[in-house]
Amino acid sequence: MQFLYGLHDCEFLKYHQLIKVIPKTIKETLSKEGICREPIDLLLNVKKTKYVTKLLNSLQIKGNCKNKRSSESKWENDVAETNTVNWKDIYTLPLTTVYDASWKTYQYKFLNRIIPTNKYLYRCKIKESSVCGFCHCHIETIEYSFWECATIQNLWNQLENFIKTKVTCFTLKKHIVIFGILPHTFQNSWLNYLNILMKYFIFNMKCRGIRPLYSTFKNVLIRWN
Ligand SMILES: [Zn+2]
């Protein structure tokens with residue numbers, strides 16, 4: 001047991017209890033297909049590092065995760081405008097776009113859909129309601145709180161109008177807001193930068209229960225830079 005799972009011999013009873021509750025069908029499948037030890041190695045690496053997000057992000061970029069993540073499938077189903085989604089480029093983009101670690105971490109969490117929404121918090125009995133904290137008229141999902149909500153649409157429209165004064169023929173679409181503009185080039189780096197910072201701003205306002213205004217975003221941008 002020490003060799004196989006790193007458990008001390010005195011933990012035999014705990015091990016036995018755990019094994020007993022595993023259904024017979026699952027045990028049979030495991031004995032046929034074998035047990036993948038990769039997650040254990042991953043856990044050990046996570047325990048060793050101080051930079052967990054950086055480690056996980058680098059694994060995703062290298063493509064070490066064999067199966068498509070549920071977050072990736074959900075985004076692909078949700079954003080019908082994109083035919084092919086290059087996840088390696090999407091995960092790399094924030095690393096070369098923003099310099100602050102908290103902005104990089106935030107975009108990583110956003111892509112992995114681990115941003116707490118009212119829908120989720122309500123299910124966990126942390127919030128009393130699942131509706132959007134800005135407009136109070138729809139269930140607050142990630143897509144709703146960062147794109148569909150009228151308050152948020154107003155923000156993106158104003159940002160789009162500003163960008164149009166610098167770039168002709170620019171249209172801000174949902175997939176651009178979620179993934180950024182790809183391929184990431186020097187020319188569009190400032191657009192990707194604004195995109196990540198706007199989402200970070202929306203999340204900050206949401207956490208503080210403040211209605212996000214475009215004028216506040218401009219002031220915050222000056223403070224952040
Ligand atoms: Zn709303």
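Worth saying up front: this structure is predicted, and the values here are computed from it rather than measured.

Participant: Pulling in residues and values, what's your account of the confidence of the model for the chain?
Facilitator: Confidence in the prediction of the chain, expressed as mean pLDDT, is 83, and 81% of residues score 70 or more. Here helix α1 (residues 2-5) stands out as the least confident element of the chain, with mean pLDDT 60; helix α11 (residues 150-164) is the most confident, with 96.

Participant: Mind laying out the environment of Leu 56, listing which residues take part and the relevant values?
Facilitator: Inspection of the secondary structure assignment puts Leu 56 in helix α5 (residues 52-62). Of the residues examined, Leu 56 has 19 C-beta atoms within 10 Å and is grouped as partly exposed.

Participant: So what's going on with the environment of Phe 217? Which residues, and what values?
Facilitator: Mapped onto the secondary structure, Phe 217 falls in helix α14 (residues 214-224). With 20 residues separating them along the chain, Phe 217 and Leu 197 place their C-alpha atoms 9.0 Å apart. When residues no more than four places from it in sequence are discounted, the contact partners of Phe 217 are Leu 155, Met 198, Phe 201 and Pro 212.

Participant: How would you sum up the nonpolar core? Please name residues and give values.
Facilitator: For soluble globular proteins, nonpolar side chains are generally found buried alongside one another. Ranked by internal contacts, the top residues of the largest apolar core, which has 25 residues, are Ile 90, Phe 146, Ile 152 and Ile 202. Secondary structure elements with two or more residues in this core: α7 (87-97), α8 (101-111), α10 (142-148), α11, α12 (174-179) and α13 (189-208). Here this core gets 6 residues from one element, more than from any other, and that element is α13. Not counting chain neighbours up to four residues away, the residues in contact with Ile 202 comprise Phe 146, Ile 152 and Pro 212.

Rules used in this analysis
- Residues numbered from 1 in each chain as written.
- Predicted model: local features only at pLDDT ≥ 70, side-chain atom pairs only at ≥ 80, totals over all residues.
- pLDDT = per-residue confidence, 0-100.
- Helix = DSSP H or I, 4+ residues; strand = E, 2+ residues; numbered from the N terminus.
- Buried ≥ 20, exposed ≤ 12 C-beta atoms within 10 Å, placed from the backbone.
- Contact = placed C-beta atoms within 7 Å.
- Core = buried A, V, L, I, M, F, W, Y, C linked by C-beta atoms within 7 Å.

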